[in-house]
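# Structural characterization, general
Spelled out from the first residue to the last, the chains are:
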Amino acid sequence: MSHSQKNKFRQRKGIASTLIIAVVVVIIVIIAAGAFVALNPGGKTTVFVTTSVVSTGSGTIVTSSGSSTCGSSSETINGAGGTLVFPLMSAWTFAYPQVCTNVHVNYASVGSGAGIAQITARTVDFGESDAPLTSTQYSAIKNGTLMTIPLSASAVVPAYNIPGVPTGLNFTGAILANIFLGNITMWNDPAIVALNPHANLTAHAITVIHRSDGSGTMYAFTNYLSDASSTWKTKVGKATSVNWPVGVGCKGNEGVAGCISNTPYAIGPLEIAYEIVNKNLISYGAVKNAAGNFILANINNTQAAIQAGGSSGLPPAYAHWTNVSVIDSIFNNTQATSAYPIATFTYGLVYQVQTDQAKGTVLVGFFWWVVNSGQAAGTSIGYVPLPANVVTLDDAALNNVTYNGTPLHTGM
């Protein structure tokens, strides 16, 4: 291994360790929530999670009241999908056995494209994607209805590593498109300098970083670039995997974070949790929204985007979600003055008809707990709790997951 490769390995290992530490903080908060157990007729155990407020060094987390059907046997459920949700999913999957001691949840952070492929092939019990399925992906599902269930929401930010330049550079959609098209190649380009007259932008070449794998994070970013630039829309388009005109590909959000932090004068799209836990290594920029405001992503303005773009008109879980886009919904919304413009749902993918009663029961129980009791777990690292209308939509979906025609869960 060369000296350069060793440095990259150490950098990425450091980022992974930082993420683990952040997740442990979230886990401690969740486990601290009160709970009591009731035994139902037929041997099913339901754990009712009481409302609790727990203060930690990273803030105050409130766990909402809710219930989760744990089932009566020891079960392991396996999921795979996007890296955008990985820090939050790690907290959920670690904490859930404290709620249902007989259930173990595994999650493989392999990218949205791979997660969709695995749930389509039924090699996992649930999939996860940060982009809705395409028409082609829906057509590949041959036996059953795959339900789309929003689990959380987050922001994708233009992350950069410019020595001497802290977080807060201003970008427009057009400038970001031109950087990723390879039309803007220097940090002191007049278009960037005009938006940032007081920043120390010197004559250094821009290194573009992007994902090398299929990614919902990249889907959200290319969705925004397609809205902002007709050239990008025509030449590249939006997808989980595109033909990037320029740049270096790195695997997963973890890999992109490592590549940016290890490459001076680099820029790349990154899920905000990976920047939050690496503040000393990575900075990120503010993006101009439809109202003309430069917005630096945080919980409040990402929540504003989700409220503006996903508060109505969402299809039921069993329908096709191909055309659902919070980004499209807010791109021209000048009334959403505080909305951060690159915000996206992250989706769980579950078959409506389950083929294993015991496993299906605990799978639905886990998702019910995530939607109703786990939403505040990620606020300290940039994840936005679901709006009430989306929780209602999710609950209706989960109450219609069946085995042999009988619902596996009837929530409160």
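These remarks concern the structure in this document. (Residues numbered from 1 in each chain as written. Predicted model: local features only at pLDDT ≥ 70, side-chain atom pairs only at ≥ 80, totals over all residues. Heavy atoms only, no water.)

This next bit is on the sheet that holds strand β16 (residues 294-295). Strand order in the open sheet formed by 3 strands is β10-β15-β16, and the pairing between neighbours is mixed. Single-partner strands in this sheet number two, and they are β10 (170-171) and β16. Of the strand pairs in this sheet, β10 and strand β15 (residues 286-288) are connected by 2 bridges, and their pairing is parallel. Within β15, the residue paired with N170 across the bridge is A286. (Pairing = 2+ DSSP bridges. Helix = DSSP H or I, 4+ residues; strand = E, 2+ residues; numbered from the N terminus.)

Right, let's talk about the side chain of T346 for a bit. Mapped onto the secondary structure, T346 falls in strand β17 (residues 343-351). Looking at T346, the relative accessible area reads 0%, which means it is buried. Sequence-distant contacts of T346, that is, excluding residues within four places in its chain, are made with L84, V85, E128, S129, D130, I149, P150, L151, S152 and A153. (Buried < 20%, exposed > 50% of the residue type's maximum accessible area, 1.4 Å probe, protein only. Contact = heavy atoms within 4.5 Å.)

Take the environment of L398 next. Along the chain, L398 turns up in helix α14 (residues 388-398). Owing to a relative accessible area of 1%, L398 belongs among the buried residues under this scheme. Between the C-alpha atoms of L398 and V371, which are 27 residues apart in sequence, the distance is 9.9 Å. Setting aside anything within four residues of it in sequence, one finds L398 in contact with I149, V364, F367, W368 and H409.

Take the environment of A308 next. Relative to the assigned elements, A308 resides in helix α11 (residues 299-310). Sequence separation between A308 and S329 is 21 residues, and the spatial gap between their C-alpha atoms is 7.6 Å. Not counting chain neighbours up to four residues away, the residues in contact with A308 comprise I330, N333 and A336.

Our next topic: the state of the cysteines. For the structure shown, the criterion picks out 2 disulfides. For C70, the disulfide goes to C100, at an S-S distance of 1.9 Å. In this structure the cystine formed by C70 and C100 twists about its S-S bond by roughly -70 degrees; its chirality is therefore left-handed. Of the two residues, C70 is situated in strand β5 (residues 66-71) and C100 in the loop between α2 (86-99) and β7 (103-109); the sequence distance between them amounts to 30 residues. Look at C100 and you get buried, because its relative accessible area is 1%. Here C250 engages in a disulfide with C259; their sulfurs sit 2.1 Å apart. The sign of the -105 degrees torsion about the S-S bond sets the C250-C259 disulfide as left-handed. For the pair C250 and C259, a shared accessibility class is recorded, and that class is buried. Taken in N- to C-terminal order, the disulfide-linked cysteines of the chain are connected 1-2, 3-4. (Disulfide = S-S within 2.5 Å.)

Take unusual backbone geometry next. Excluding glycine, most residues fall at negative phi; most peptide bonds, likewise, are trans. With phi around 60 degrees, R122 is a residue other than glycine that occupies positive phi space. By secondary structure assignment, the location of R122 is in the loop between α3 (112-120) and β8 (126-129). For R122, a relative accessible area of 32% gives the class partly exposed. For Y265, which is not a glycine, the phi torsion comes out positive at approximately 70 degrees. Residue placement: Y265 occurs in the loop between α9 (252-261) and β13 (266-271).

Now for the packing of aromatic side chains. Per the counting criterion, the structure on display carries 14 aromatic pairs. Taken together, a centroid distance of 5.3 Å and an interplanar angle of 55 degrees make the contact between Y96 and W369 tilted. One end of the pair, Y96, is in helix α2; the other, W369, is in helix α13 (residues 357-373), with 273 residues separating them in the sequence. In this structure, Y96 and W369 share a single accessibility class: buried. An angle of 55 degrees between the planes, with centres 6.4 Å apart, marks the rings of Y160 and W187 as tilted. Of this pair, Y160 sits in strand β9 (residues 146-161) while W187 sits in the loop between α5 (173-181) and α6 (190-195), placing them 27 residues apart in sequence. For Y160, a relative accessible area of 0% gives the class buried. A residue is classified by how much of its surface remains accessible, and W187, at 0% relative accessible area, is buried. Above the face of the Y351 ring, R122 is positioned so that its terminal group lies 3.7 Å from the ring centre. (Phe/Tyr/Trp six-rings, centres within 6.5 Å; stacked < 30°, edge-to-face > 60°. Lys NZ or Arg CZ within 6 Å of the ring centre and 35° of its normal.)

Let us look at the pattern of salt bridges. Summed over all chains, the structure comprises 5 salt bridges. For the salt bridge of D125 with K359, the shortest nitrogen-to-oxygen distance reads 3.9 Å. Of this pair, D125 sits in the loop between α3 and β8 while K359 sits in helix α13; the two residues are 234 residues apart in sequence, bridging distant segments of the chain. For K359, a relative accessible area of 23% corresponds to the partly exposed category. Notably, a salt bridge pairs D328 with K238, separated by 3.5 Å at the nearest N-O pair. (Salt bridge = Lys/Arg side-chain N within 4 Å of Asp/Glu carboxyl O.)

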